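Observations on the model geometry
Below, each chain spelled out in residue letters.
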Amino acid sequence: MRASNITAVYAADSGQDVPAVDNVTLEVPEGQILGLAGESGCGKTTLGNAVAMIATPPLYVVTGSMQIDDQTIDLATLAKDSNNIHRPYRGATVSLLPQGAMNAISPTLRIRDLVHDVMAAHDKGVTKAEAMDRATDRLKMLSMPSRVLDSYAHQLSGGMKQRMVTVISTLLDPKLLIADEPTSALDVSSQKELIEMLLQMIEMKIMRGVIFITHDLPVLSMVTDRLAIMYAGKIVENGRTEDLVHSARHPYTSALLAAVLDPTKETRTKHVLGIPGSPPNLGNPPSGCRFHPRCAFAMPECSTKEPPFLLEGNHQVACWWAEKNPGVTVPMEVSVV
Amino acid sequence: MTATTAQNAAAVPGEDAPVLSAINVVKQFKVAGGHITAVDDVSVDFHAGKVLAVVGESGSGKSTLARMLLRLMPVTSGTIKYLGKDVTHIRGAELRAYWRDVQAVFQDPFASFNQFYTVGAMLRRRMPAKQGDETLDELIERCLSYVGLKPDDAVNKHPHQLSGGQRQRVMIARALMMNPKVLLADEATSMLDASLRVSALNVLQDLRDRLGLTVLFITHDIGQACYLADEVIVMENGLVVERGITDDVIFNPQNEYTKRLLADVPDLKGSLKKRND
């Protein structure tokens, strides 16, 4: 699965377009989970929406195409087509699990009614019994209790609701699942359960690829095979999760990693400086490398020329510093107290 | 203010006299067919110039405890003492004085702002024009500088023009303008991104070191407690199940619940996904 050259803009009132996603290419290999990380407002969710084909005004996809198996879909022209093209695509080909999806369960319907609604939206002839059978089988596969189907939303815990919407959104065996901040509202124990379920689902080949969007790097390190780090609408680094965590090549990745606070002895004694300044205004991004005003390693060319996208084996990075220092891990901006 | 606060901190002799303490505090909520005990016989002491973290899952009673300490919610039974004085049932002017000394910052920085006021207007509201030798503008400037903001950055802006991290720092500055002895942060950093979260935590650390502020830090994230806190208490279902200095609780937990909570926290390098390629 490959999404190429996606540019998506928000049309602002001032008449100026704000490019929230700027010429991004993502690849999800068969059976893998790709993590998409970055600060709030860097365009992660917008990218997810563009790929899931739910871009609605003021968001417009300007360029970009999506390749799944041998099928190529032009994301830019799709918005003008009728809903008939979207329907089979959504849910069955690409399924989006949006932020806060667990709040979408209607408080007045049982879970099984939602299951039937989702199935019927794609196949009008499906009966309630058929929908229930499918859902029950799926829950059995994931060793979850099937009594959940008879419950109302308020009878379930937050973690269970989130796992249920995940199961429902994958009932049609989508080729690609886009999960947007699925773990952010959960406490650590529920997070772990959801992650284990996702790993199990990919193992069972219920879906063939997942894009997992969050700013929580420890969660991503647990669940993903590859990581893409996004800053101000662009991918700055992309590689195997292990490589990124152990040897970050972009100063922004390194700063994000330094800001991770996990309960280890290291955290107890370190003092993290954080990233100075705030993310740029995407309507008027900085020249050259977009990270240069906040970067500790900025050089003169960083502010004038856009950095090249270096390919180092399986690892891609867009940075002048990385070009000058091949193979060197970016040192972390951390002092020990 | 630095000098006076330091004196106040020094006036409290050592570990024995806590600034704020909860003694056998119980909170029960009535529900259909009985009641649930949200906070069950909890006793905690807050010592001057220390950060105490309260850790626990959703529904463990952390926020209920905080609300009672803030006197925003009556206790069912038990006592709350501030500087040795029983404040459990004070009212009127006494309560308002208590509210000046014990300030709070909550989870959602957006909800605490009036969208129609600039930050400057919000900070100026209901404040006397002069306190001692200091004008209000000087006070605002000083408090904003504690949290790493320049007055030009913030004063003339509306809340929607600030980032989440900046909004939360303005909320801390607002609390500091009252010259508090205790700052209560209830999940104050949970809604922030990792990099902004670290700078907010650094602000709290800095206030403790420079102003001798006592901080009560409520969180579900053990990692943040590990970075910031001097002492940790762990709550489960309204009960304190473990307490002690941070290193003991996190690196040598005794209680089963604490152990489970720690095991579930994803650790960046330790929990890297096992891969087959």
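Quantities reported herein were computed from a predicted structural model and do not represent experimental measurements. (Residues numbered from 1 in each chain as written. Chains lettered and ligands numbered in written order. Predicted model: local features only at pLDDT ≥ 70, side-chain atom pairs only at ≥ 80, totals over all residues.)

Residue and element names in this part refer to chain B. Grouped together as the largest cluster of nonpolar side chains are 175 residues, with contacts concentrated most on Leu216 and Phe217. With 9 residues, helix α8 (residues 194-211) is the largest single contributor of residues to this core. In this structure Phe217 touches Val51, Leu52, Ala53, Ala185, Leu204, Ala225, Leu228 and Ala229, once residues within four positions along its chain are discounted. (Core = buried A, V, L, I, M, F, W, Y, C linked by C-beta atoms within 7 Å. Buried ≥ 20, exposed ≤ 12 C-beta atoms within 10 Å, placed from the backbone. Helix = DSSP H or I, 4+ residues; strand = E, 2+ residues; numbered from the N terminus. Contact = placed C-beta atoms within 7 Å.)

Moving on: the sheet that holds strand β10 (residues 214-219) of chain B. All names here are of chain B. The mixed open sheet is built from 6 strands, whose spatial order is β6-β9-β10-β3-β11-β12. Single-partner strands in this sheet number two, and they are β6 (102-105) and β12 (239-245). Strand-to-strand twist of the sheet, defined as the mean angle between neighbouring strand axes without regard to direction, takes the value 15 degrees. Packed on one face of the sheet, α8 meets β3 (51-55), β9 (182-186) and β10 and runs near 155 degrees to β10. (Pairing = 2+ DSSP bridges. Axes fitted to C-alpha atoms, helices over the stretch in contact; angles between N-to-C directions.)

What follows is about the interface of chain B and chain A. The partner chain A presents 33 residues to the 31 residues of chain B that form the contact. Secondary structure elements with two or more residues in the side of chain B that touches chain A: α8, α9 (222-228), α10 (246-251) and α11 (256-264) of chain B. When its residues are assigned to classes, the side of chain B that touches chain A shows 13 nonpolar, 10 polar and 8 charged. (Nonpolar A, V, L, I, M, F, W, Y, C, P; charged D, E, K, R; others polar.)

Our focus in this paragraph is the sheet that holds strand β1 (residues 2-11) of chain A. All names here are of chain A. Read across the open sheet, the 4 strands follow the order β2-β1-β4-β5; overall the sheet is antiparallel. Here the strands that pair on one side only, and so sit at the sheet edges, are β2 (17-27) and β5 (71-74). Across the sheet, the mean angle separating the axes of adjacent strands is 10 degrees when strand polarity is ignored. Of the strand pairs in this sheet, strand β4 (residues 59-68) and β5 are connected by 4 bridges, and their pairing is antiparallel. Note that in β5 the partner of Gln67 across the bridge is Thr72.

What follows is about unusual backbone geometry. Residues and elements named next belong to chain A. In the Ramachandran plot, Ser143 falls in the positive-phi region, its phi being about 45 degrees despite a non-glycine side chain. Summarising the element assignment, Ser143 is placed in the loop between α5 (128-141) and α6 (158-169). Despite not being glycine, Ala232 has its phi angle at roughly 50 degrees, a positive value. The residue Ala232 is located in the loop between β9 (226-231) and β10 (234-240) in this model. Judged by the 23 C-beta atoms lying within 10 Å of it, Ala232 is buried.

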